[in-house]
Amino acid sequence: AVPTKILSTQSEGFGQPAGLDVTNWMDQAFTHWQQISDLNISSAVVGYVGDSKTCRQLGNQLANLKLKRVLIDPVMGDRGKMYAGFDNDYLDSIKQLVKFATVITPNVTELGLLSHVTVTEHSDDAQLIKAIRACKLTATIIVTGIKRDGAIGSCFLSDGKLIWISSPLIPGHFYGTGDLFAALLCGYLAFEMNFEAAVKRAVFGTYEAVVQTNQLPENERKYGLDLTKTLYNVARFTLGQNREEV
Ligand SMILES: Nc1ncnc2c1ncn2[C@@H]1O[C@H](COP(=O)(O)OP(=O)(O)O)[C@@H](O)[C@H]1O
Ligand SMILES: Cc1ncc(COP(=O)(O)O)c(C=O)c1O
């Protein structure tokens, strides 16, 4: 795990978090790992980065590592707005960073920022395809939080068609769903599963966490998702894949 910044809380719902810069430590950690001859890293998941300098630093390190899979969640905003503290300079840095990705997982707000095409969670296929293409990226783009017919899900382009994988929509806003979805997707892809199957599992695992979290009082949601059931099912899947070791 590479913390890119230590924050006292997440950035929504608690005012301004206290932050600790760890950029010096980051370079030292990457250098150390490269000295360990039997440490072979094949995948990376990048989430909230926080500032432009760290984006550039991560980009340089990802270029050095030459990984098989780099999933970047271009965390910049939600519900039509950039998160507090981010600006156009940060958007430019994220645009540079996502060039190192093999997969990116923007929500619709982030897809709009990356593509300069206006999209909403209710956009139709044609509009989403236009925005995905306008990003001009080699990475597979999977757009999260697309709502249709009482369901919510993620979509991606396959052979020129938009595939949408969904679950029931639980009313209300839940924090950390994008992070969980990205982590699950990268984990399942690391099992060499085909993309659509990995997305299905990631959508379902996120849904399970939202269902669990929805049982808590609403003012506790900002503390994050209840991952208990999702992690239980991830562990069962992993044990099943390594049957001889059970
Ligand atoms: N209210 C919800 N009910 C069910 N699933 C949800 C809900 N909110 C998010 N999800 C799932 O989590 C995924 C990522 O959520 P999203 O809100 O788009 O991410 P972000 O947190 O990055 O904005 C969605 O594509 C969906 O599968
Ligand atoms: C520190 C941090 N990480 C990640 C996120 C992204 O969260 P989500 O998974 O809801 O997109 C946020 C958003 O507020 C955040 O503050």
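Residues numbered from 1 in each chain as written. Chains lettered and ligands numbered in written order. Predicted model: local features only at pLDDT ≥ 70, side-chain atom pairs only at ≥ 80, totals over all residues. Heavy atoms only, no water.

1. Remarks on the sheet that holds strand β9 (residues 143-148)
Thinking step 1. The strand order across the open sheet formed by 3 strands is β9-β10-β11, and the pairing between neighbours is antiparallel. The open sheet terminates on both sides in strands that have one partner only, identified here as β9 and β11 (161-168). Ignoring strand direction, the axes of neighbouring strands in this sheet form an average angle of 40°.
Thinking step 2. The sheet contacts of helix α7 (residues 195-213) involve β10 (151-158) and β11, and relative to β11 the element is tilted by about 25°. (Pairing = 2+ DSSP bridges. Helix = DSSP H or I, 4+ residues; strand = E, 2+ residues; numbered from the N terminus. Axes fitted to C-alpha atoms, helices over the stretch in contact; angles between N-to-C directions. Contact = heavy atoms within 4.5 Å.)

2. Regarding the sheet that holds strand β3 (residues 43-46)
Thinking step 1. The strand order across the open sheet formed by 4 strands is β3-β4-β7-β8, and the pairing between neighbours is parallel. Looking along the sheet, the strands with just one partner apiece sit at the ends: β3 and β8 (140-141).
Thinking step 2. Two strands pair when backbone bridges link them, and strand β7 (residues 103-104) and β8 are joined in this way by 2 bridges, in the parallel orientation. Paired with isoleucine 104 across the two strands is isoleucine 141, which belongs to β8.

3. Considering unusual backbone geometry
Thinking step 1. Located in the positive-phi region is lysine 66, a residue other than glycine, with phi close to 45°.
Thinking step 2. Following the sequence through the fold, lysine 66 ends up in the loop between α2 (52-65) and β4 (69-72).
Thinking step 3. Judged by its relative accessible area of 71%, lysine 66 is exposed.
Thinking step 4. The phi dihedral of aspartate 149 falls on the positive side, at around 50°, and the residue is not glycine.
Thinking step 5. Of note, aspartate 149 is situated in the loop between β9 and β10. (Buried < 20%, exposed > 50% of the residue type's maximum accessible area, 1.4 Å probe, protein only.)

4. Observations regarding the pattern of salt bridges
Thinking step 1. Applying the stated criterion across every chain, the model contains 7 salt bridges.
Thinking step 2. The closest approach of N and O atoms between lysine 68 and glutamate 192, which form a salt bridge, is 2.8 Å. Taken together, the positions of lysine 68 in the loop between α2 and β4 and glutamate 192 in the loop between α6 (177-189) and α7 put the pair 124 residues apart, joining distant regions of the chain.
Thinking step 3. Looking at lysine 68, the relative accessible area reads 53%, which means it is exposed. (Salt bridge = Lys/Arg side-chain N within 4 Å of Asp/Glu carboxyl O.)

5. Quick notes on helix α3 (residues 88-97)
At 3.6 residues per turn, the α-helix brings residues three or four places apart onto the same side.
Thinking step 1. Within α3 the residues assigned to the buried category are Tyr90, Leu91, Ser93, Ile94 and Leu97. One face of α3 carries all of its buried residues, which in axial projection span an arc of 160°.
Thinking step 2. Where α3 is buried, its residues touch β3, α2, β4, β6 (81-82) and α4 (108-115).
Thinking step 3. By the N-cap criterion, in which a side-chain oxygen at the helix start approaches the backbone nitrogen of a residue two or three places on, α3 is capped by aspartate 87, the distance to aspartate 89 being 3.2 Å. (Arc of directions from axis to C-beta. Polar contact = N/O pair within 3.5 Å; in protein donor to acceptor, adjacent residues only side chain to side chain.)

6. Quick look at the site of ligand 2
Thinking step 1. With respect to spatial proximity, the complete set of residues near ligand 2 consists of Leu7, Gln10, Ser11, Glu12, Tyr48, Val75, Tyr83, Tyr175, Gly176, Thr177, Gly178 and Asp179.
Thinking step 2. One nitrogen or oxygen atom from the side chain of glutamine 10 is found 3.2 Å from an oxygen atom belonging to ligand 2.
Thinking step 3. A distance of 2.7 Å is found between an oxygen atom of ligand 2 and a backbone nitrogen or oxygen belonging to aspartate 179.
Thinking step 4. Computed on the free molecule, ligand 2 has an accessible area of 390 Å², of which 88% lies beneath the protein chains in the complex.
Thinking step 5. It is α6 that contributes the most residues to the shell around ligand 2, 3 residues altogether.
Thinking step 6. Looking at the shell around ligand 2, its residues break down into 5 nonpolar, 5 polar and 2 charged. (Near = heavy atom within 4 Å. Areas by Shrake-Rupley, 256 points an atom, 1.4 Å probe, with all protein chains shown as cover. Nonpolar A, V, L, I, M, F, W, Y, C, P; charged D, E, K, R; others polar.)

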